[in-house]
Amino acid sequence: MKKYFIDPRLEWHKANMHTHTNLSDGYFSPEEMKKVYMEHGYSIVCFTDHEVIFDNSYLTDDKFVAITGKEHSITQYVDEDGNPLKWRDMKTVHLNFFAKDPHNLQHVCMDYDRASEKQRQQFKERHGFDIPVDHYHGEFSQETLQNIINKANSAGFLVQFNHPNWSLNTREDYINLKGLWGFEIYNYLTDLETGAEYCPNIYDDMLRHGHRLFCTMGDDNHNYQGSLEGSFGGFTYIGVPKLTYENVIKALENGCFYCSMGPVIKSMYYDSDDKKIHIECSEAEDIVLVGYNRHFLHVYGENLTHAEFDINGEEVYVRISIKDKNNRWANTNPIYIEEIKEDSYE
Ligand SMILES: [Zn+2]
Ligand SMILES: [Zn+2]
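In every chain, residue numbers begin from 1 and rise along the written sequence. Chains and ligands are labelled by the order in which they are written, letters from A for the one and numbers from 1 for the other. Residue-level local features of this predicted model are given only where pLDDT is at least 70; pairs of side-chain atoms are given and counted only at 80 or more, and the full residue set underlies all totals for whole chains, interfaces and linings.

Caption draft 1: Layout of the overall build of the protein chain. A count of helical and extended segments in the protein chain gives seven helices and 17 strands. Dimensions of the protein chain, computed from the C-alpha atoms along their principal axes, are close to 60 × 50 × 40 Å. For the protein chain, with 346 residues in total, the buried portion stands at 43%. What counts as a contact here is a pair of residues whose C-beta atoms, placed from the backbone, lie within 7 Å. When contacts within the protein chain are restricted to residue pairs at least 6 apart in sequence, long-range pairs at least 24 apart make up 65% of them. Secondary structure is summarised from DSSP: a helix means a run of H or I of at least four residues, a strand means a run of E of at least two, and numbering begins at the N terminus for each. In this scheme every C-beta is placed from the backbone, and a residue whose C-beta has 20 or more other C-beta atoms within 10 Å is buried, one with 12 or fewer is exposed, and one in between is partly exposed.

In structure tokens:
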């Protein structure tokens, strides 16, 4: 009996989970962004402009879903003695909020000065009222971060931890945070800048510490001067029975997606007859099963399109990483061993 985790019977839609438009410091309008991404094979864009949530769901139709969201930042402006830090030395945490309800314009942990004057005007023009704020001020601290995540969750947002390397994050910044829905395992823009924003090590650290969260890849594109150079490098494939906002959110909540810089995963299932995980993908050089702690199984080869891995029940969880000949990776979400026990079958 097969239990699918990447089910080829679903529709698989390409998504950019991290996008900036001219509603913050990006170049393209939301309409242009939809056009450009659709021309490149995408059918989902998560609009994550800085600090302010705009409802772009008027762009949603039967071929495209615009996810409502924003990128919330909390930055360390002063050192422990209260002295101002240089921009170079400021730690920050950037969190993407994805709204379960497309019309959710709640702004948690927000004050007017988070939004630019231009954004305040754009928001009022678009929505007919001022950005709703709760006059929140919090210094860069674990307490502040946890408070923001808690409030965002209560307000109906999925919360993703973004680009830890660019943000100068160290372990104490993320390891005890609760309530994160996802981790940005790869950010194309900050990888172009730092050369080191593929962070499976940090993701594994969180999983080993007992956090249950999914992994995504996104462009974080700003398209300065209309350039497409920072686009189409990190994407997430989402499996839905039919393309609707509600179904995309349901798939995100259930982990029915995988992320990639290039390789495509066609199916992934556990077969209770042979007690193996089976995976079908586009041509790869290395297919890795990553389990808890030092549990790694590799299948190496040229033009691999299939791999299978024995499951002995002691892995705690397993996730699959796939590398193609251009060193581009794809990653599945973790599957917890209790999910593949036979009593969990539909
Ligand atoms: Zn960011
Ligand atoms: Zn961003």
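Caption draft 2: Local environment of the nonpolar core. A set of buried residues drawn from Ala, Val, Leu, Ile, Met, Phe, Trp, Tyr and Cys, joined through C-beta atoms within 7 Å, is what defines a nonpolar core. In terms of nonpolar packing, the biggest core is built from 90 residues, with Val159, Ile185, Ile238 and Val248 touching the most fellow members. Per-element accounting of this core gives the leading share, eight residues, to strand β13 (residues 276-291). Leaving out residues up to four positions away in the same chain, Val248 has contacts with Ile44, Val65, Ile67, Ile238 and Val240.

Caption draft 3: The domain arrangement of the protein chain, seen in detail. Assigned domains of the protein chain: these are domain 1 (11-260) and domain 2 (265-344). Residue ranges for the domains trace back to a domain assignment, done automatically or taken from a database. Spacing between the C-alpha centres of domain 1 and domain 2 amounts to 28 Å. Contact with domain 1, which involves 12 residues of that partner, is made by 12 residues of domain 2. Contributions of two or more residues to the side of domain 1 that touches domain 2 are made by α6 (200-208), β9 (214-218) and β11 (257-260). Of all the elements, α6 adds the most residues to the side of domain 1 that touches domain 2, at four residues. A class-by-class count of the residues in the side of domain 1 that touches domain 2 yields eight nonpolar, two polar and two charged. Only Asp, Glu, Lys and Arg are considered charged in this grouping, and only Ala, Val, Leu, Ile, Met, Phe, Trp, Tyr, Cys and Pro are considered nonpolar; every other residue, Gly among them, is considered polar.

Caption draft 4: Quick peek at the sheet that holds strand β8 (residues 182-187). For two strands to count as paired, DSSP must find a minimum of two bridges between them. The strand order across the open sheet formed by five strands is β5-β6-β7-β8-β9, and the pairing between neighbours is mixed. Each edge of the open sheet is held by one strand with a lone partner, namely β5 (69-75) and β9. Going from strand to strand, the sheet's axes swing by 35° on average, the running direction of each strand aside. As paired strands, strand β7 (residues 157-161) and β8 are joined by two bridges and run parallel to one another. Bridging across to β8, Phe161 finds its partner in Phe183. Whenever a helix is involved, its axis is fitted only over the stretch in contact; in every case the axis is a line through C-alpha atoms, and angles between N-to-C directions fall within 0 to 180 degrees. Relative to β7, helix α3 (residues 142-154) is tilted by about 145°, and along the sheet it contacts β5, β6 (92-99) and β7.

Caption draft 5: Layout of unusual backbone geometry. One non-glycine residue, Asn293, adopts positive backbone phi at about 50°. Along the polypeptide, Asn293 turns up in the loop between β13 and β14 (296-310). Classification of Asn293 as exposed rests on a count of 11 C-beta atoms within 10 Å. Although it is not a glycine, Asn327 sits at a positive phi angle of roughly 60°. Along the polypeptide, Asn327 turns up in the loop between β15 (317-323) and β16 (329-332).

Caption draft 6: Fine view of the environment of Ser73. Mapped onto the secondary structure, Ser73 falls in strand β5. In this structure Ser73 touches His50, Thr92 and His94, once residues within four positions along its chain are discounted.

Caption draft 7: Spotlight on helix α1 (residues 30-39). For α1, the set of buried residues is Pro30, Met33, Lys34 and Tyr37. The buried side chains of α1 occupy one side of the element, clustering within an arc of 100° when seen end-on. Every exposed residue of α1 that faces more than 90 degrees away from the buried side is listed here: Glu31 and Glu39. Of the surrounding secondary structure, the elements contacted by the buried residues of α1 are β2 (11-19), β3 (44-47) and β4 (65-67). Trailing α1 by a residue or two, Gly41 shows a phi angle of about 90°, which is positive. This arc describes the spread of directions from the helix axis toward the C-beta atoms.

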